[in-house]
Amino acid sequence: MKASGRELIARGVPRGLMLLIGGASVVVIIAGLKLGAWLLGPFFLAGVIVITLSPATRWLRAHRVPGWVSTALLVVLVYAVIAALVLVLVVSIAQLASLLPSYAGRAHDLVTGLASALERWGVSPQDLRPATDDLDFGRLVGYVRAVLGSVTSFGAGLLFLLALLLFLSIEAAMAGARKLAVTADRPGIGAAITEFVHGTRRYMLVTTVFGLIVAVLDAIALLIMGIPLPVLWGVLAFITNYIPNVGFLLGLAPPALLALLDGDWQLMLAVIVVYSALNFVVQSLIQPRFVGNAVGLSTIATFVSLVFWGWIIGPLGAILAVPLTLLVKALLVDVDPRARWVNALLASRAGVLDRQVPADAERDVTRDPE
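About the criteria used
- Residues numbered from 1 in each chain as written.
- Predicted model: local features only at pLDDT ≥ 70, side-chain atom pairs only at ≥ 80, totals over all residues.
- Heavy atoms only, no water.
- Phe/Tyr/Trp six-rings, centres within 6.5 Å; stacked < 30°, edge-to-face > 60°.
- Buried < 20%, exposed > 50% of the residue type's maximum accessible area, 1.4 Å probe, protein only.
- Helix = DSSP H or I, 4+ residues; strand = E, 2+ residues; numbered from the N terminus.
- Expected span 1.5 Å × (residues − 1).
- Contact = heavy atoms within 4.5 Å.
- Patch = residues over 30% accessible without salt bridge, like charges linked within 9 Å, V, L, I, M, F, W, Y side chains within 5 Å.
- Areas by Shrake-Rupley, 256 points an atom, 1.4 Å probe, with all protein chains shown as cover.
- Salt bridge = Lys/Arg side-chain N within 4 Å of Asp/Glu carboxyl O.

A. Focus on the packing of aromatic side chains. Taken as a whole and judged by the stated rule, the model has 3 aromatic pairs. Ring geometry for phenylalanine 308 versus tryptophan 309: centroids 5.0 Å apart, planes at 80°, classification edge-to-face. Since its relative accessible area comes to 29%, phenylalanine 308 is described here as partly exposed. Since its relative accessible area comes to 6%, tryptophan 309 is described here as buried. Where phenylalanine 308 meets tryptophan 311, the ring centres are 6.5 Å apart and the plane angle is 55°; that geometry is what we call tilted. On the criterion of helical spacing, the pair formed by phenylalanine 308 and tryptophan 311 is a turn pair, its members being 3 residues apart in helix H14 (residues 299-313). These aromatic residues form a ring-pair network of at least three members: Phe308, Trp309 and Trp311.

Quick look at the structure:
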């Protein structure tokens, strides 16, 4: 039998050595995750999509639709949505790459005007030269074309993702039986997995609904203001809505800069105001109430997870930061009653904290602040 940490300490193993061994294990696991990011990201994305849409297959089966038909319909629907999204991105980025060179003169005038304004405030041209030399608009056009090339060369990864979706959708038919078998032998693990599935599904559904609302409103507003490529910026707003905390800024920056190049600073300010009214109010005031109730993670825990998974997996990790954190929480915290105290550090609602602090302990803390 394997000895637990307390048993090792009782046998004379120093606690410091246990901490070093645990820290080394964490480093090895993180290194492995980073090396396997090419597989972890698409696999988990496919799993999250299947988890989110699995109620649709159950609804179809409840209405006497054969299992293979419901699975096929779900897979075809997901394939169609992904294909439409990729098509819109490819066409829009190609249009953006052909449009940006026409703004080169405008960009140069803006940089020159900014340098003149700063010079009037006592900043010499020599001080500005290193910064202005780095502002190469042609380099920006090259970056956009490189992004277009990476999107168009995404074919192999997309085929891998589609294959994962197909296999996981087929396996989802047996998920209920597998969960019952696990729960019968390990009730704690079964309950943790169930909570992870429900939390992930609620988060994805809420985020998708709000993302669609914000994307449509943003695209309509940009179309009314005459900003080029409103559909592209609407799709960008929809995708960045899955990125917690900073997604709003990532979706705002490109259309605001394009408004400055296409018009003037008043048009850019109008885009910022409209985005703030539509995106900030919905994403920062309304949506977190639903998302917080869905996943139970605090703002700081969500932000740390965004930085961590973005570093491990890349942009896909930033989009999947919350579901990945829920999975780690289910596997490391929820399955072990001795680790439930970690929920007090991650929880987003006072009610969760109140249920985890016994009344006697709360009275003791009140009596003795130390």
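Alright, that's what it looks like, and here's the rest.
B. Expanded view of helix H16 (residues 321-334). Across its 14 residues, H16 extends 18 Å between first and last C-alpha, which sits within 8% of the 20 Å expected from 1.5 Å per residue. Most of H16 sits inside the fold, with 10 of its 14 residues counted as buried. Here H16 has its buried residues at Ala321, Val322, Pro323, Leu324, Thr325, Leu326, Lys329, Ala330, Val333 and Asp334.

C. Seen up close, the side chain of threonine 302. Along the polypeptide, threonine 302 turns up in helix H14. Ignoring sequence-local partners within four residues, the contact set of threonine 302 consists of Pro244, Asn245, Leu297 and Val322.

D. Just a nonpolar patch on the surface, in detail. Together, Trp38, Leu39, Phe43 and Phe160 make up an exposed nonpolar region whose accessible area comes to about 420 Å². Inspection of the secondary structure puts phenylalanine 43 in helix H3 (residues 37-62). The class of phenylalanine 43 is partly exposed, set by a relative accessible area of 43%.

E. Examining the pattern of salt bridges more closely. Using the criterion set out here, one finds 2 salt bridges in the structure. For arginine 202, the salt bridge identified is with glutamate 195, shortest N-O distance 3.8 Å. The class of arginine 202 is partly exposed, set by a relative accessible area of 34%. The residue lysine 329 makes a salt bridge to aspartate 334 at a minimum N-O spacing of 3.3 Å. As far as burial versus exposure is concerned, lysine 329 and aspartate 334 are alike and both buried.

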